[in-house]
Amino acid sequence: QVQLVESGGGLVQAGGSLRLSCAASGRTFRMGWFRQAPGKEREFVASRDWSGINIAYADSVKGRFTVSSDNAKNTIYLQMSNLKPEDTAVYYCAARPYSIPSRWDYWGQGTQVTVSI
């Protein structure tokens with residue numbers, strides 16, 4: 001069982017930046033970020049493998065968000081820039097295990113990001 005601990009959420013004005021962190025307690029196949037706004041379904045934001053070769057972004061965040069990692073710390077980051085009010089959501093870190101690399105099996109507790117006008 002891998003535990004994921006997120007940090008870095010908060011309140012920011014539109015156009016501002018925030019960086020989220022997610023520390024994993026063990027090795028995983030792939031890490032990602034999802035978000036869920038009030039009244040909406042959880043949606044994919046970004047993901048990457050630990051080599052940095054395979055990285056994916058949702059169209060809505062391309063060019064504004066960057067997902068990176070510190071492999072030595074088993075930690076991934078989500079650098080969010082030029083934030084918009086529609087980015088307001090609870091952001092969740094997720095991980096795919098090596099045993100089932102196609103499934104997001106592990107989830108963090110979520111961190112709130114609020115973007116004000």
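Higher on the page you've got the structure.
Residues numbered from 1 in each chain as written. Predicted model: local features only at pLDDT ≥ 70, side-chain atom pairs only at ≥ 80, totals over all residues. Heavy atoms only, no water.

### Concerning the state of the cysteines
This structure, assessed with the given rule, holds one disulfide. Disulfide pairing is shown between Cys22 and Cys93; the S-S distance is 2.0 Å. Where Cys22 bonds to Cys93 through sulfur, the torsion about that S-S bond is close to -75 degrees, and the disulfide is left-handed. Of this pair, Cys22 sits in strand β3 (residues 18-24) while Cys93 sits in strand β9 (residues 89-96), and the two are 71 residues apart along the sequence. Comparing Cys22 with Cys93 shows no difference in burial state: the two are buried. (Disulfide = S-S within 2.5 Å. Helix = DSSP H or I, 4+ residues; strand = E, 2+ residues; numbered from the N terminus. Buried < 20%, exposed > 50% of the residue type's maximum accessible area, 1.4 Å probe, protein only.)

### Observations regarding the sheet that holds β3
Pairing is antiparallel in the open sheet, where four strands are placed in the order β1-β3-β8-β7. The open sheet has two free edges, formed respectively by β1 (4-7) and β7 (65-70), since each of these has just one partner strand. Ignoring which end each strand starts from, the neighbouring axes of this sheet average 20 degrees apart. Bridging between β7 and strand β8 (residues 75-80) involves six bridges; their strand directions are antiparallel. Among the inter-strand pairings, Phe65 is bridged to a residue of β8, identified as Met80. (Pairing = 2+ DSSP bridges. Axes fitted to C-alpha atoms, helices over the stretch in contact; angles between N-to-C directions.)

### Here's the deal with the nonpolar core
Looking at soluble globular proteins, one finds that nonpolar side chains tend to be buried together. Within the largest apolar cluster, 28 residues are counted, with the highest numbers of intra-cluster contacts made by Leu4, Met31, Trp33, Leu78, Met80 and Tyr91. Those elements that provide at least two residues to this core are β3, β4 (30-36), β5 (43-49), β7, β8, β9 and β11 (111-116). (Core = buried A, V, L, I, M, F, W, Y, C linked by side-chain atoms within 4.5 Å.)

### A closer look at the pairing of β11
Side-chain positions along a regular strand alternate between the two faces of the sheet. Only one face of β11 is buried, namely the one carrying Thr111, Val113 and Val115, since none of Gln112, Thr114 and Ser116 on the opposite face is buried. Pairing between strand β2 (residues 10-13) and β11: four bridges, direction parallel. Across the sheet, residue Leu11 finds its bridge partner in β11, namely Thr114. Pairing between β9 and β11: three bridges, direction antiparallel. Each residue of the ladder has a partner; that of Tyr91, found in β11, is Thr111.

### Structural notes on the pattern of salt bridges
According to the stated counting rule, one finds five salt bridges in the structure shown. Close ionic contact of Asp87 with Arg35 constitutes a salt bridge, the shortest N to O distance being 2.9 Å. Placement of the pair is Asp87 in the loop between β8 and β9 and Arg35 in strand β4, with a sequence separation of 52 residues. Here the two residues Asp87 and Arg35 agree in accessibility, since each one is buried. Close ionic contact of Arg103 with Asp105 constitutes a salt bridge, the shortest N to O distance being 2.6 Å. You can call Arg103 partly exposed: its relative accessible area is 44%. Each of Arg35, Glu43, Arg64 and Asp87 takes part in salt bridges that share partners, so that together they form one network. (Salt bridge = Lys/Arg side-chain N within 4 Å of Asp/Glu carboxyl O.)

Distances and angles like these do not, on their own, reveal function.
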